[in-house]
Amino acid sequence: MRNMTLSAPRRAPTRTDRLLAAAGGLVAGYVSLAVADLASFWARPEASPVTAVGGAVVDRTPAAVKEWAIRQFGESDKAVLQLGILLVLGVLAAAVGLLALRRRLLGSAAVGVFGLLGALAAVTRPDSDSALDAVPSLAGAAVGAALLYALTGILTRRAGTGPAAARADRRTFLVAAASAGLAATGAAAVARAVGSPVEENAAASRAALCLPRPASPAPPVPPGAQLRVPGISPFVTPNRDFYRVDTALVVPRVDAARWRLRIHGSGVREERTVTLPQLMSRRVVERDVTLACVSNEVGGPYVGNARWLGVSLADLLREAGVRPPSEGGPADQLVARSVDGMTIGTPVEQVMDGRDALLAFGMNGEPLPFTHGFPVRMVVPGLYGYVSACKWIASIELTTFAAYDAYWVPRGWAAQAPVKTESRIDTPRPLARVAPGAVAVAGVAWAQHRGIRRVEVRIDDGPWQEAELGAEDSRDTWRQWLHRWPAAPGRHTLTVRATDGTGATQPEERTGTMPNGAQGWHSVVVEVDDA
Ligand SMILES: Nc1nc2c(c(=O)[nH]1)N[C@H]1C(S)=C(S)[C@@H](COP(=O)(O)O)O[C@H]1N2
Ligand SMILES: [Mo]
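My aim in this report is to walk through the structure given alongside it, one point at a time.

Calculation notes
- Residues numbered from 1 in each chain as written.
- Chains lettered and ligands numbered in written order.
- Predicted model: local features only at pLDDT ≥ 70, side-chain atom pairs only at ≥ 80, totals over all residues.
- Heavy atoms only, no water.
- Helix = DSSP H or I, 4+ residues; strand = E, 2+ residues; numbered from the N terminus.
- Near = heavy atom within 4 Å.
- Polar contact = N/O pair within 3.5 Å; in protein donor to acceptor, adjacent residues only side chain to side chain.
- Nonpolar A, V, L, I, M, F, W, Y, C, P; charged D, E, K, R; others polar.
- Phe/Tyr/Trp six-rings, centres within 6.5 Å; stacked < 30°, edge-to-face > 60°.
- Buried < 20%, exposed > 50% of the residue type's maximum accessible area, 1.4 Å probe, protein only.
- Lys NZ or Arg CZ within 6 Å of the ring centre and 35° of its normal.
- Pairing = 2+ DSSP bridges.

Section: the environment of Ala 336
Now for step 1: Here Ala 336 is to be found in strand S5 (residues 333-338).
Now for step 2: As for Ala 336 and Glu 397, which are separated by 61 residues in sequence, their C-alpha atoms are 6.4 Å apart.

Take a look at the structure:
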């Protein structure tokens, strides 16, 4: 009201104005993110605001919600999270646009606040080691705030000069908003086409990597390990089909030439740092090991078997002066830290008890894929991945379980978690319709480091019948099994259970994945057609 005497009267915003203002907010938000993305793309993709905020959300998500998300969305959980963040940001951006229509400066200030939050998330990520990680968010917010200010200026500058002027302003607004949006999209497209120097160095270092020959090769997989049954999980899981479970919203792309592994902590005679060539010049061993995730439900997909190439972790530790607790060593926990800040705690005793605990750089004949930990990861037979299989490993610290909780422990998961004996029916699929007569019921069973001694199958409430076992490759790998079932018409429940190398049989009772792995018999219901 006070202004009216000083300047021409301002029209009250119409519905169209509000719609345009909200659209202006969306465009400003979009351009902010595009600018931030561009800025991070050159330096560190992990510092982009959506990734940083997403990471902060992941770390703060209660375990029960995370479990639910993994169950609902499986391996697309990350895409769903990012989509969720974008949706929330979209709503906020539209609201900020509306705010700017009434108070231009306040609207821009709100964009600035989001920028600050993004910057804060970026510099407080565990993998951030530089305040420069704030730059992408701040740069994006600065551009977005200025753009919002300019756009709403066009909408609000007219003052009672009639509908023709209002129409002209709206046209100018639309042209300006569309140009800004297109320019940002174009710049992003050009950047992607040119490629990120960070990613290119990493990709080049992987392409140039020549895997050494193992001094201790894995024995050939016995021919009988792979049963000829359509629908069974192949004995060796190809890399492209290997499950992936991690918290990384952006797959870390480490340049192998710059990679270092630091070994330090209690009981280490003198701290050591090794490079990849140093690691590869050690005695190279090759082993088949089945990896399993603690989040795998009974019958679930998060298990795979690969041929790993690497070096003995125990040997490296011994050289550094480390002794296991049973020999009086002070450290009972080895904490592996990854380049993205994950921490994974593994019992020193198991790593050094003679099993093939590896620092691996090869997977099924090629350098580790980026998604599986390039350039180096840990693999320890018999322990779930979250307590053993650190990908993109950067350091190893010797400490104690009493002194330090690794990432998943405060989130409700057990500090120590040997793999439980499990078996899974791969074929027939749940609710499959099959013809009566001979039906191959088959799948895999695993009890890493104890081995699988027996698998039994039960049809409905009938007696347990011993299944045919595929040849054992090693006790660290899963085993295929097959039961030839003379299927009679009707609906039937097939159930499987395994007995491990110690003679222990899988218990019937189902337990959930939390806190140390699901257990129970896997069942599948199938429909057998009438003859
Ligand atoms: N850096 C890092 N390493 C990690 C994880 C992770 O989130 N970050 N997840 C662990 C978990 S829970 C599992 S089950 C295995 C999975 O390895 P994969 O993705 O190669 O199958 O990696 C482990 N190593
Ligand atoms: Mo896992």
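Brief notes about the site of ligand 1
Now for step 1: Around ligand 1, the structure places 20 residues, and the nearest of them are Tyr 243, Asp 246, His 372, Arg 377 and Lys 391.
Now for step 2: Contact distances for ligand 1 include 2.7 Å between an oxygen atom and a backbone N or O atom of Tyr 243.
Now for step 3: Within the contact set of ligand 1, a nitrogen atom lies 3.0 Å away from a backbone nitrogen or oxygen of Ala 389.
Now for step 4: Residues that form the shell around ligand 1 fall into these classes: eleven nonpolar, four polar and five charged.

With respect to the packing of aromatic side chains
Now for step 1: Throughout the structure, instances matching the rule amount to seven aromatic pairs.
Now for step 2: Seen from their ring centres, Phe 370 and Phe 374 are 5.1 Å apart, and the 70° between their planes marks the pair as edge-to-face. Each member of the pair, Phe 370 together with Phe 374, is buried.
Now for step 3: Among the aromatic residues, ring-to-ring pairing joins Phe 242, Tyr 243, Tyr 302 and Trp 308 into one connected group.
Now for step 4: In this structure, Arg 206 packs its charged tip against the face of Phe 370, placed 6.0 Å from the ring centre.

Re the sheet that holds strand S12 (residues 433-434)
Now for step 1: An order of S12-S19-S18-S14-S15 is seen for the five strands of this open sheet, with the pairing classed as mixed. Two strands in the sheet have a free side with no partner beyond their single neighbour: S12 and strand S15 (465-466).
Now for step 2: In terms of strand pairing, S12 meets strand S19 (residues 522-528) through two bridges, oriented parallel. Residue pairing in the sheet places Val 434 in a bridge with Val 528 of S19.

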